[in-house]
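# Survey of secondary and tertiary structure
Given next are the chains, with one letter for each unit.
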Amino acid sequence: MVKRWGGLVAILLVITLLITACSQAPATIVTPFTGPAWAPALRVLPQETVIKVGMKQVVSDAGILIGMAKGYYQDVGIKIEAVQFNSGQEMINQLAAGQLDVGATVTASGLLNAISRDIPVKIVADKGINMPGQGYYRLVIRKDLANSIIDFTDLRGKKIAVVGTASLDEICLARVLAKGGLTTKDIDMQVIRAFPDMLVSLGNKSIDAAMVIEPFVTQGIAKGIVDPWKDPSEYDPDAQIALLVYGTSMTTRPEVANLFMTAYVKAMRDYNDAFFKNKNKAEVIGMLCKYSVIKEPALYETMYPTGLNPDGYLRMNGIAADLAWYKENNLLKSEIKLEDIVDNRYVDFAVKTLGKYQ
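In what follows, the accompanying structure is described. Note that the coordinates shown come from a computational prediction; the quantities given were computed from them, not determined experimentally.

## Comments concerning the nonpolar core
Grouped together as the largest cluster of nonpolar side chains are 51 residues, with contacts concentrated most on Ile78, Leu244, Tyr246, Phe260 and Met261. The biggest single contributor to this core is helix H11 (residues 254–277), with 13 residues. If we ignore the near neighbours within four places in the chain, the residues touching Tyr246 are Leu95, Asp101, Val102, Pro120, Val121, Lys122, Val124, Thr251, Ala257, Phe260, Met261 and Tyr346. Residues Ile192, Ile207, Ile213 and Val217 belong to the second largest nonpolar core, which totals 40 residues.

## Here we look at the pairing of strand S5 (residues 137–142)
Extensive coverage of S5 is indicated by the burial of six of its six residues. Two strands pair when backbone bridges link them, and S5 and strand S8 (residues 209–213) are joined in this way by five bridges, in the antiparallel orientation. Counterpart to Tyr137 in the pairing with S8 is Ile213. Here S5 runs beside strand S9 (residues 226–227); their pairing, made up of two bridges, is antiparallel. By the bridge assignment, Arg142 is partnered in S9 with Val226.

## Considerations on the pairing of strand S3 (residues 102–105)
Of the two faces of S3, the one carrying Val102 and Ala104 and the one carrying Gly103 and Thr105 are both buried. Two strands pair when backbone bridges link them, and S3 and strand S10 (residues 242–246) are joined in this way by four bridges, in the antiparallel orientation. Among the inter-strand pairings, Thr105 is bridged to a residue of S10, identified as Leu243.

Scoring rules and cut-offs
- Residues numbered from 1 in each chain as written.
- Predicted model: local features only at pLDDT ≥ 70, side-chain atom pairs only at ≥ 80, totals over all residues.
- Heavy atoms only, no water.
- Core = buried A, V, L, I, M, F, W, Y, C linked by side-chain atoms within 4.5 Å.
- Buried < 20%, exposed > 50% of the residue type's maximum accessible area, 1.4 Å probe, protein only.
- Helix = DSSP H or I, 4+ residues; strand = E, 2+ residues; numbered from the N terminus.
- Contact = heavy atoms within 4.5 Å.
- Pairing = 2+ DSSP bridges.

Okay, structure coming up:
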């Protein structure tokens, strides 16, 4: 009888141990998360997210175009949908309304006034600066006037074109004129909405000079129409020419905004490697020929290169100077400070993820 009870107890003990073991939660298996090879620490989006980007697909958009070509955005779960705009104000309206996610543009009174209305639109990264001695956005003069327009004071009374007023374009011209003690009231300022049309006007001598961006500077020189005149480092050394702007749909989605910026900065580093270190230059030029509006490889070898900060940060002195100009010219509807318009947190994230550019 004792043996029978002993056997029963043993059976019950085994059953109890089995039940206890089965009732315990299975051990958690921790596996390291792996992002793309170029940024393995990133946690990518779980499903593809379409980001609408307003741009003109020019060289200063290299951070977007190269990223598309190399698949950096796709690697983090983002699909870029490029959107073309006829005016900067139209782009600003859609950024504010959340209909456009990212804008590749310049400062304008409309942009700053939108931000001043507490609309969560922010300037977030560099998209184009002049390199010393190689300014890609500059005042050019007619070739036949090169011997008569020598100093800044010689610009008085001349017909000078810009693509728009109350924006970075007018600001840059104003700084050129200021070197000669002049203002826009001392010249005949013309508004010509497209850079190619400026070359036509310079060619038929209906204007004397113009604020022109590459590749139109190089094209004008090659055609014998324009003289590049003085380098912008002489009259506008701190200029922040072009900007990357996040609309409300990005500033309210920081995870998406950070991933976009990391891919953007990675692409700008490829651009810098190519144009300033001659590393994989032919490959990068091929990508830009495919994705930008400039399809001639030879142009990339001869034109002044767009400066793009490989760490993504803006020239804050340039932005501050722009803001001061808008205030001085009574173009802002309410008080706004530099910290209200620029948000560096996304670039901070990208640099922390990728490390500083070497």
